[in-house]
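Summary of the model geometry
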Amino acid sequence: MGMDLLAAVDVIQAPLSETLPRLSAALAGAIPHQSVAELSNCTFAPFKFRGEQPVTITDVSALRPLVSGRGAWQGRAVLAGADVPVVVLVSDVSVPGAMLVLLRTEDTPVPDEVLAPAVALWDVVTAHAEGMRNEAVPATLAVSRAAAAARAVAISDLGDAYGASLTALLGVLRDHGVDDAAARSRSVDLAVTALVELRSRADLDRAQTEERTGDAFERLAESLRRVLRGRDVRLDLGTPGAEEGADRVLPTELSSTAAAVVRSAVHAMLDDQGGVGRVHIGWKIVGTVLRATVRDDGPGTLSCGSLDLRRVPERLGPLGGVVQVDAVPGWGSTVTIEVPLGPRETPREDPLTVLGSRELEVLGQLARGRRNRDIAGELHISESTVKFHVAKILDKLGVGSRGEAAAMAHEWGAAR
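First, a word on what this report is: a plain description of the structure on this page. These figures come from a predicted structure and were not determined experimentally.

Concerning the overall build of the chain
Scanning the chain for helices and strands turns up 14 helices and 12 strands. Burial statistics for the chain: of 416 residues in total, 43% are counted as buried. Intrachain contacts of the chain at a sequence separation of at least 6 include 64% that bridge at least 24 residues. Surface accessibility of the chain: about 20900 Å² in total, with carbon and sulfur atoms responsible for 54%.

Shown next, in the form of structure tokens:
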């Protein structure tokens with residue numbers, strides 16, 4: 001099978017729900033198969049299956065050790081309880097490597113001249129999916145969040161289902177009236193299988209939605225090496241260590257967005273300026289923020305408009321992130337990206353805004369510990385008017401005493 005670029009275009013242009021069927025069709029002529037399964041780094045649905053003979057994520061995961069890196073493996077494997085001939089394709093474009101498993105209809109060995117372009121096609125499809133994951137534009141993030149929520153619900157449902165199954169199985173094992181040793185052995189096998197599959201699904205979901213800060217940086221670094229390949233530009237990497245939060249676990253959508261913005265900043269520095277010979281990348285956790293810095297040794301003419309054109313604010317907006325550009329003519333440019341690790345806190349509303357100007361004056365006097373008579377003399381009003389204002393203040397602030405009102409005044413700066 002020669003590498004059919006039109007077939008590759010057809011596959012990557014398809015909607016996500018059609019990618020696997022079209023890929024299966026593109027490979028069917030050279031590698032006839034009855035079913036196909038995918039285990040990849042896709043944010044939307046990491047495990048996909050299509051065909052007549054269903055397999056589970058546990059079955060496919062067990063095949064991963066057969067291919068140590070990029071390449072193909074063929075032979076027989078036990079999938080869904082049946083011994084079947086398979087071809088396993090692995091792409092190293094993503095980390096971990098994406099797997100495509102073809103359940104074949106025959107045992108005839110597939111020649112290398114067929115396997116090589118099949119792996120290349122799988123590389124193209126994986127690279128396209130990885131690009132979508134890394135770009136993390138708002139629309140993609142919205143789908144990603146919806147998919148993550150759906151996976152969480154599915155895992156919860158699976159937990160309930162397996163919990164019920166295990167309860168029933170344990171009931172059989174504890175039933176002293178059951179003498180059939182084979183039945184008990186079968187119950188144990190079913191319980192173990194259920195637990196393994198449940199843990200596999202939970203571990204995979206965690207792997208697809210979370211990653212270490214250090215791993216995210218390595219993924220970014222590798223993509224930047226590809227960006228700078230062929231350019232006379234040196235890449236300096238400020239690899240995060242333990243103090244910079246290298247072992248901190250981040251949501252994948254957050255790290256992917258930050259990485260996409262860093263790449264956009266690098267492109268802006270190289271394409272919108274001349275004379276850049278070095279680019280330094282920093283990446284660390286500062287408090288509750290992921291901070292990435294991109295610094296060059298160029299002419300220092302980079303503008304915020306360059307980042308706007310590359311949709312940087314649009315990408316950071318949904319996560320509450322910010323970007324700053326510091327360009328010094330003759331000294332270079334620095335882009336600082338900060339993305340909060342958690343949701344933005346909603347600012348507290350000042351409770352004193354419900355008070356009128358005279359009530360604020362009375363509250364300020366009250367906060368100093370002055371009595372009604374003293375307040376009346378200070379503000380040149382009657383003592384009965386002061387009592388009226390105090391009663392209104394307590395009512396509007398929802399407090400029960402002058403002391404509580406005074407404490408609130410001190411907290412919100414009215415005790416002048």
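Digging into the pattern of salt bridges
According to the stated counting rule, one finds 18 salt bridges in the structure shown. Across the pair D123 and R70 runs a salt bridge whose closest N-O atoms are separated by 2.5 Å. Note that D123 is positioned in helix α4 (residues 112–135) and R70 in the loop between α3 (57–61) and β3 (71–79), a separation of 53 residues in sequence. On the basis of relative accessibility, which here comes to 13%, the residue D123 falls in the buried class. In this structure, D247 engages R212 in a salt bridge whose closest nitrogen and oxygen atoms are separated by 2.7 Å. Here D247, found in the loop between β7 (234–238) and β8 (249–251), pairs with R212, found in strand β6 (residues 210–212); they are 35 residues apart in sequence, far enough to count as distant. A relative accessible area of 53% places D247 in the exposed class. Its relative accessible area of 30% is what places R212 among the partly exposed residues.

Looking at helix α1 (residues 5–12)
Every buried residue belonging to α1 is among A7, A8 and V11, and all of these are buried. The arc that holds every buried residue of α1, seen down its axis, measures 100°, which confines them to one face. Along α1, the residues that are exposed and aim more than 90 degrees away from the buried face are L5 and L6.

Some remarks on unusual backbone geometry
The backbone phi angle of R311 is positive, close to 65°, even though this residue is not glycine. Here R311 falls in the partly exposed class, since its relative accessible area comes to 36%.

A closer look at the sheet that holds strand β2 (residues 47–51)
Overall, antiparallel pairing links the 5 strands, which are arranged β2-β1-β5-β4-β3 in an open sheet. Each edge of the sheet is formed by a strand with only one pairing partner; in this case those strands are β2 and β3. Along the sheet, successive strands turn relative to each other by an average axial angle of 20°, direction set aside. Here 9 bridges tie β3 to strand β4 (residues 82–91), and the two strands are oriented antiparallel to one another.

What to know about the sheet that holds strand β11 (residues 322–328)
Spatially, the 5 strands line up as an open sheet ordered β7-β9-β10-β12-β11, and their pairing is mixed. Whereas interior strands pair on both sides, the edge strands pair on one side only; in this sheet they are β7 and β11. Taking the axes of each pair of neighbouring strands and ignoring which way they run, one obtains an average angle of 15° across the sheet. Two elements, strand β9 (residues 278–286) and strand β10 (residues 289–296), share 8 bridges in a ladder whose sense is antiparallel. In the strand pairing of β10, G282 is matched with T293. Packing of helix α8 (residues 252–271) onto the sheet brings it into contact with β9, β10 and β12 (332–340), and relative to β10 it is tilted by some 15°.

Here's the deal with the packing of helix α13 (residues 383–397) against helix α14 (residues 402–411)
Relative to each other, α13 and α14 sit at 70°, their axes nearing to 10 Å. The angle between α13 and α14 places the two elements in the roughly perpendicular class. In this structure, α13 meets α14 at a crossing whose hand is left-handed. Contacts between α13 and α14 involve V390, L394 and L397 on the former and, on the latter, R402, A405 and M408. Tallied by class, residues from the contact of α13 with α14 come to 5 nonpolar, no polar and 1 charged.

So, α8
In an α-helix there are 3.6 residues to a turn, and that puts residues three or four apart on one side. The first and last C-alpha atoms of α8 sit 28 Å apart over 20 residues, in line with the 28 Å expected at 1.5 Å per residue. The element α8 is extensively covered by neighbouring structure, given that 17 of its 20 residues are classed as buried.

Side note on the packing of α1 against helix α2 (residues 16–28)
Where α1 contacts α2, the axes come no closer than 8 Å and their chain directions differ by 165°. In this view, α1 runs roughly antiparallel relative to α2, as classed from their interaxial angle. Note that α1 runs across α2; the crossing there is right-handed. Together, A7, D10 and V11 of α1 and T19, R22, L23 and A26 of α2 make up the contact between the two elements. Of the residues assigned to the contact of α1 with α2, the class counts are 4 nonpolar, 1 polar and 2 charged.

Considerations on the nonpolar core
By size, the foremost hydrophobic cluster in this structure holds 34 residues, and its most contacted members are V262, V266, I281, W283, V294 and I337. Residue assignment for this core shows that the elements contributing at least two residues are α7 (213–228), α8, β9, β10, α10 (312–316) and β12. Per-element accounting of this core gives the leading share, 10 residues, to α8.

Cut-offs used in this document
Residues numbered from 1 in each chain as written. Predicted model: local features only at pLDDT ≥ 70, side-chain atom pairs only at ≥ 80, totals over all residues. Heavy atoms only, no water. Helix = DSSP H or I, 4+ residues; strand = E, 2+ residues; numbered from the N terminus. Buried < 20%, exposed > 50% of the residue type's maximum accessible area, 1.4 Å probe, protein only. Contact = heavy atoms within 4.5 Å. Areas by Shrake-Rupley, 256 points an atom, 1.4 Å probe, with all protein chains shown as cover. Salt bridge = Lys/Arg side-chain N within 4 Å of Asp/Glu carboxyl O. Arc of directions from axis to C-beta. Pairing = 2+ DSSP bridges. Axes fitted to C-alpha atoms, helices over the stretch in contact; angles between N-to-C directions. Parallel < 35°, antiparallel > 145°, perpendicular 65-115°, else oblique. Left-handed = near helix turned anticlockwise from the far one by under 90°. Nonpolar A, V, L, I, M, F, W, Y, C, P; charged D, E, K, R; others polar. Expected span 1.5 Å × (residues − 1). Core = buried A, V, L, I, M, F, W, Y, C linked by side-chain atoms within 4.5 Å.

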